[in-house]
Amino acid sequence: MQLYYPLYSDLILAERHRFPIQKYKLLKTEIENLGVSAIHFQEPIKATKSQLSLCHSQRYIDDFLNGTLGDKAIKKMGFPYSQQLVERTLLSIGGSIQAAEAAFSHDLTFNLSGGYHHSHSDFGSGFCIFNDLAIAAAHLINTEQADTVLIFDCDVHQGDGTAQITQNHNQIITCSIHCEQNFPRNKQESTYDFALPAKTADDEYLATLKQALDFCVRIHNPDIILYNAGADIYTKDELGLFNISLNGVYERDLFVLNFCKQHQTPLMCALGGGYQRNLSSLINVHKQLFKAAIDL
């Protein structure tokens, strides 16, 4: 099951804005071309203020929703402020919450958005406004749908906001496999951090991935895994520094999906980052996740 809403890609940005906002609707079309019927797509319901407050300060939530953020805060967030951005944000967060809940009955679910791991408890950063996976994890625990949640973050950038938000939440385990030289400059402390050097290629990356996921599951036995499947580990990503091939991305995603299937662990996947001016190339990287799901 996939969560998707057209507004994911309808945000109006400047022509040369760095965020590839059109990727979501283009990816949906490509997924359908793979043979996934549109009947498997569901529209999300907007996240509520009470859900946001599980991980974010009330002042920050109110400032964003009411349009009273300062200029510096908006610049750090990375998007121009608009009511359209508010609607899109709430739908994106809601999509991750719903996909996480649905994973318990569907085993494998996707939000065609999400992975907003740079968002801290009281500010947005790096195109991340509210931290969807942290909120989804806290929601599952708060509603007693899960006792232990693993956020497995394979974006090329460290999940610094996720680490900060969950630092005192023992039931949420965070694991970040990222490039040590990449943004953010000031890293936070996840439960487990695997910081790999720039130019890391397929073999070293996949070996680390397999060891990290196996370790986290053996030690913590999570009820569900929330997976940030960032496409920015790819060698041609313009904001990433790894040398991971397209097949390496596919092997990463296939391993995570198959591991969860073998261990009968519900898995919810978010898209995470991916930055190429060539949108067709970028979509092809994100598409590896769905090719892996078909090949399970």
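Details of the structure are given in the entry above.
Keep in mind that what you see is a predicted model, and the values were worked out from it rather than measured.

Chemist: Would you mind showing me how to read the overall build of the protein chain here?
Modeler: When helices and strands are counted, the protein chain shows 10 helices and 8 strands. Here the C-alpha atoms of the protein chain give a radius of gyration of 17 Å, agreeing with the 19 Å that 2.2 N^0.38 yields for 296 residues. A principal-axis box enclosing the C-alpha atoms of the protein chain has dimensions of 45 × 40 × 40 Å. Relative to its full complement of 296 residues, the protein chain shows a buried share of 58%. Pairs at least 24 residues apart make up 73% of the contacts formed inside the protein chain by residues separated by at least 6 positions. Accessible surface, the protein chain as shown: approximately 12200 Å² in total, 47% of it carbon and sulfur. Distance between charge centres in the protein chain, computed from 23 positive and 32 negative side chains, equals 7 Å.

Chemist: Could you clarify how one ought to interpret the sheet that holds strand β7 (residues 224–228) in this entry?
Modeler: Consider a sheet: its strands pair through backbone hydrogen bonds, and that pairing is either parallel or antiparallel. Strands sit in the order β2-β1-β3-β8-β7-β4-β5-β6 across an open sheet of 8 strands; the sheet is parallel. The sheet is open, and its two edges are formed by β2 (41–42) and β6 (192–196), each paired on a single side. Pairing of strand β4 (residues 149–153) with strand β5 (residues 172–179), which is carried by 5 bridges, proceeds in the parallel orientation. Across the sheet, residue L150 finds its bridge partner in β5, namely I173. Where helix α9 (residues 246–262) meets the sheet, its contacts fall on β3 (108–111), β4, β7 and β8 (267–270), and the angle it forms with β7 comes to roughly 170 degrees.

Chemist: Whenever I open this one, the pattern of salt bridges confuses me. Can you help?
Modeler: Any two side chains of opposite charge can pair if their charged atoms end up close together. As enumerated under the stated definition, the model contains 8 salt bridges in all. With its nearest N and O atoms 2.7 Å apart, the salt bridge here joins K28 to E32. One end of the pair, K28, and the other, E32, are both in helix α1 (residues 23–33), 4 residues apart, so they sit about a helical turn from each other. Residue classification places K28 among the buried residues on the basis of a relative accessible area of 18%. Residue classification places E32 among the partly exposed positions, given a relative accessible area of 27%. Between R252 and D253 there is a salt bridge; the shortest N-O distance is 2.9 Å.

Chemist: Help me understand the nonpolar core, please; the structure alone is not making it clear to me.
Modeler: Across soluble globular proteins, nonpolar side chains have a tendency to be buried as a group. Grouped together as the largest cluster of nonpolar side chains are 101 residues, with contacts concentrated most on F152, L226 and Y227. At 10 residues, the largest contribution of residues to this core is made by helix α5 (residues 83–106). Sequence-distant contacts of Y227, defined by excluding residues within four places in its chain, comprise L133, F152, C154, R252, D253, V256, L257, L267, M268, C269, A270 and L289.

Chemist: Even after reading the chapter, I still don't get helix α6 (residues 132–142), so can you show me in this structure?
Modeler: Residues lying three or four places apart along an α-helix face the same way, a consequence of the helix completing one turn every 3.6 residues. For α6, the buried fraction is high: 10 of the 11 residues fall into the buried class. Every buried residue of α6 is accounted for by D132, L133, A134, I135, A136, A137, A138, H139, L140 and I141.

What counts and how
Here the residue numbering is sequential within each chain, running from 1 through the sequence in written order. Restriction of local features to residues with pLDDT of at least 70 applies here, the model being predicted, together with a cutoff of 80 or more for giving and counting side-chain atom pairs; totals for whole chains, interfaces and linings are based on all residues. Heavy atoms from the whole structure form the basis of all side-chain values; hydrogens and water molecules are not counted. In DSSP terms, a helix is any run of H or I states spanning at least four residues, a strand is any run of E spanning at least two, and both are numbered starting from the N terminus. The globule rule used here is 2.2 Å times the number of residues to the 0.38 power, and the radius of gyration it is set against is calculated over C-alpha atoms. Remark: exposure states derive from per-residue accessible area (1.4 Å probe, protein chains only) relative to the maximum for the residue type, with buried under 20%, exposed over 50%, and partly exposed in between. Residues are treated as being in contact if the distance between any of their heavy atoms lies within 4.5 Å. Surface exposure here means Shrake-Rupley accessible area, sampled with a 1.4 Å probe, where a residue is shielded only by the protein chains that are shown. Charge convention: Lys and Arg are scored as positive, Asp and Glu as negative, and His as well as the terminal groups of each chain are ignored. Charged groups are reduced to one reference atom each: NZ for lysine, CZ for arginine, CG for aspartic acid, CD for glutamic acid. Pairing between two strands requires that DSSP report at least two bridges joining them. Axis lines are fitted to C-alpha atoms, over the contacting stretch for helices. Their N-to-C directions set the angle, which ranges from 0 to 180 degrees. Put simply, a salt bridge is a Lys or Arg side-chain nitrogen that is within 4 Å of an Asp or Glu carboxyl oxygen. Here, nonpolar core refers to any group of buried Ala, Val, Leu, Ile, Met, Phe, Trp, Tyr and Cys residues whose side-chain atoms link them within 4.5 Å.

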